[in-house]
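One-letter residues, chain by chain:
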Amino acid sequence: IAQKRWQPYEYLMFLPLFSPQRGRARVTHAVVVIFLEFFAWGLLTTPMLTVIHHLPHLLCVPVQGFLSFLSAPLIGALSDIWGRKSFLLMTVFFTCAPIPFMRISPWWYFALISVSGIFAVTFSVIFAYVADITEEHERSTAYGLVSATFAASLVTSPAIGDFLSAKYGDSLVVLVATVVAVADIAFVFFVVPESLPDKMRLTSWGFPISWEQADPFASLRRVGKDSTVLLICVTVFLSYLPEAGQYSSFFLYLRQVIEFSPAAIAGFIAMVGILSIIAQTLFLSVLMKTIGNKNTVLMGLSFQLFQLVWYSFGSEPWMMWAAGTVAAMSSITFPAISALVSHSAAPDQQGVAQGMITGIRGLCNGLGPALYGFIFFVFHVELDEMEPVSGGTLMVPGPPFLFGACAVLFALLVAIFIPDNHQLGDAKNCSTCKSSSSISHTQSGSPLATSTSDAEDIEPLLQDSSL
């Protein structure tokens, strides 16, 4: 070992040795991790409004998104080989690291926000974690539960943050968010167990990952070779680009153009969050069992199209509230697409598959806000911190939302051509590769090869799948 020249990435295989873990991996672990992470950031909704107009923030968001696009396939591929827990700890830590610097040093906050894009891919690792411990027919329900947890974290956190900010100031809000983030990191380190079976990790250590496999541009080349993967990736890009832009400007739009009060904005977020929980737990499960995975994606895109058209032409508060109910139903799109990708990937390629989707979403997180801001600027719709202003004499009060509706319409047309059942080419090849590797270990008498059934590593999400 002393004579071996180690590559930098090879040291990551030793991270699990220093991470205590207890019990058996469960979907509950993934739910708690996601809830705490986004609850911490939800508390910062009001303080974020004070920094969102600064130039460094406008620059760091595209940088963060582009870095996520580059790193997501790499982190996903590494987690397929060396396990999920170490990379889950890493992504949660770096995603939450900028929070305390919002008050300590704004410039350090902007810098850490940019750099955190390298590791801000928690969803890809979480979805791979869930795929390791659930049966395939139950995976879409589990993904819906995790996505609903994201919505649940935003039901009360913005309102709590706004109350604390108004009563005690932004500093206390940042402190509370930091405590929640530290609790999340501690939960991952001390409580969350590894989900990837030992036999999959141990037999993989002898075969280091190739940089070509994790290279994002190599991933793009693989996308072009598989028509189904290409269709899924284009659908994700066209549907999430307007969603990312909407997240960056919608609350300011409600305040400045539609004249929502801060309390009304917090209530709007809570309403959409509660309805999203219902949509992603109850309706998603029913739709997946009745109309199938692909048709569920199409229905979610249809709701998103209707929602964006309503946002673009709506000029009264009641219109926004009504469109918010449709927005909640459109939240089924992402877990449905993630389930579709998971079903198409082999068990040893879940991290790479989810990393590819998360990388595209990261790219949208960088492009969407800039695109929406540019369209608002072109149509002279001001979203600066000032007294509420009307949208002028424009026929379309929200021009960026109309552009987003056009993008989702194209996504809907592309998604129609996605086949119902398809096995990813790379997943099949890699699975065959690893199977042959396992056989060679068995023939050579390696103690790393075991005959334990995979079934013991699967956690039934639902005791009766017919319920």
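What counts and what doesn't
Residues numbered from 1 in each chain as written. Predicted model: local features only at pLDDT ≥ 70, side-chain atom pairs only at ≥ 80, totals over all residues. Heavy atoms only, no water. Helix = DSSP H or I, 4+ residues; strand = E, 2+ residues; numbered from the N terminus. Buried < 20%, exposed > 50% of the residue type's maximum accessible area, 1.4 Å probe, protein only. Contact = heavy atoms within 4.5 Å. Areas by Shrake-Rupley, 256 points an atom, 1.4 Å probe, with all protein chains shown as cover. Phe/Tyr/Trp six-rings, centres within 6.5 Å; stacked < 30°, edge-to-face > 60°. Lys NZ or Arg CZ within 6 Å of the ring centre and 35° of its normal. Patch = residues over 30% accessible without salt bridge, like charges linked within 9 Å, V, L, I, M, F, W, Y side chains within 5 Å. Salt bridge = Lys/Arg side-chain N within 4 Å of Asp/Glu carboxyl O. Axes fitted to C-alpha atoms, helices over the stretch in contact; angles between N-to-C directions. Parallel < 35°, antiparallel > 145°, perpendicular 65-115°, else oblique. Left-handed = near helix turned anticlockwise from the far one by under 90°. Nonpolar A, V, L, I, M, F, W, Y, C, P; charged D, E, K, R; others polar. Expected span 1.5 Å × (residues − 1). pLDDT = per-residue confidence, 0-100.

1. Describing the overall build of the protein
Counting its secondary structure elements, the protein contains 20 helices and zero strands. Counting across all 467 residues of the protein, residues that qualify as buried make up 53%. Sequence-distant contacts in the protein: of pairs separated by 6 or more residues, those separated by 24 or more amount to 86%. When the accessible surface of the protein is totalled, it reaches about 20500 Å², and 69% of it is carbon and sulfur.

2. Focus on unusual backbone geometry
At E259, a position not held by glycine, the phi torsion is positive, near 65 degrees. Structurally, E259 is set in the loop between α13 (227-256) and α14 (262-290). In this structure E259 comes out as exposed when scored by relative accessible area, which is 53%.

3. Things to note about the packing of aromatic side chains
Enumeration according to the criterion identifies 24 aromatic pairs in this entry. Note on F127 and F334: the rings are 5.5 Å apart at their centroids and 40 degrees apart in plane angle, and the pair reads as tilted. Note that F127 is positioned in helix α7 (residues 122-133) and F334 in helix α17 (residues 333-344), a separation of 207 residues in sequence. Grouping residues by exposure puts F127 and F334 together as buried. Taken together, the aromatic side chains of F250, Y253, F260, F268, Y311, W321, Y372, F376 and F401 make up a single cluster linked through ring pairs. Its end group placed over the ring of Y240, R361 keeps NZ or CZ at 3.9 Å from the ring centre. Positioned above the aromatic ring of F334, the side-chain terminus of R361 is 3.6 Å from the ring centre.

4. Some points on the environment of L301
You can see L301 is positioned in helix α15 (residues 293-313). Between the alpha carbons of L301 and A405 there is a distance of 9.9 Å; along the sequence they are 104 residues apart. Beyond its immediate sequence surroundings of up to four residues, L301 is in contact with T235, S239, T333, V408, A411, L412 and A415.

5. Section: a nonpolar patch on the surface
On the surface, a cluster of nonpolar side chains totalling about 430 Å² of accessible area is made up of I274, I278, L282, F283 and V286. If you trace the backbone, F283 turns up in helix α14.

6. As for the pattern of salt bridges
A full pass over the atoms with the stated rule returns two salt bridges. Of the charged contacts in the structure, one is a salt bridge between D80 and R84, with a shortest N-O distance of 2.8 Å. Across this residue pair, the class does not change: D80 and R84 are buried. When the shortest N-O distance is used, the salt bridge between D132 and R84 registers 2.7 Å. Taken together, the residues D132 in helix α7 and R84 in the loop between α3 (55-82) and α4 (85-96) connect sequence positions 48 residues apart. The class for R84 is buried, based on a relative accessible area of 0%. Salt bridges linked by common partners bring D80, R84 and D132 together as one network.

7. Points about the environment of V352
Relative to the elements of secondary structure, V352 occurs in helix α18 (residues 350-378). By relative accessible area, V352 is classed as buried at 7%.

8. Quick word on the packing of α18 against helix α19 (residues 399-415)
Put simply, α18 and α19 touch, their axes get as near as 8 Å, and they point 130 degrees apart. When the interaxial angle is binned, α18 and α19 end up oblique. Residues L371, Y372, I375 and F376 of α18 form the contact with α19, whose participating residues are P399, P400, F401, F403 and G404.

9. Concerning the packing of α13 against α19
With their axes 8 Å apart at the nearest point, α13 and α19 run at an angle of 160 degrees to one another. Accordingly, the angle class assigned to the pair α13 and α19 is roughly antiparallel. Read as a crossing pair, α13 and α19 show a hand that is left-handed. Contact residues: L231, V234, T235, L238, S239, P242, Q246, F250 and Y253 in α13; F401, G404, A407, V408, F410, A411, V414 and A415 in α19. For the contact of α13 with α19, the per-class residue count stands at 13 nonpolar, four polar and no charged.

10. Here's the deal with α15
Taking 1.5 Å of rise per residue, the 21 residues of α15 would be expected to cover 30 Å, and the 31 Å separating its terminal C-alpha atoms lies within 8% of that figure. Looking only at α15, the buried set comprises N293, K294, T296, V297, L298, G300, L301, Q304, Q307, L308, Y311 and S312. Each element contacted by the buried residues of α15 is listed here: α13, α14, α16 (317-330), α17, α18 and α19.

11. Remarks on the confidence of the model for the protein
Per-residue pLDDT for the protein has a mean of 76; in total, 72% of the residues score no lower than 70. The model gives residues 9-22 a pLDDT under 50, and that stretch makes 34 contacts with residues more than four places away or in other chains. Contacts from residues 202-206, a stretch scored under 50 in pLDDT, to residues over four places away or in other chains number nine contacts.

12. Quick look at the side chain of S157
Structurally, S157 can be placed in helix α8 (residues 139-168). The buried category is assigned to S157, whose relative accessible area is 0%. Ignoring any residue separated from it by four or fewer positions in sequence, one finds S157 in contact with F38, F39, G42 and L43.

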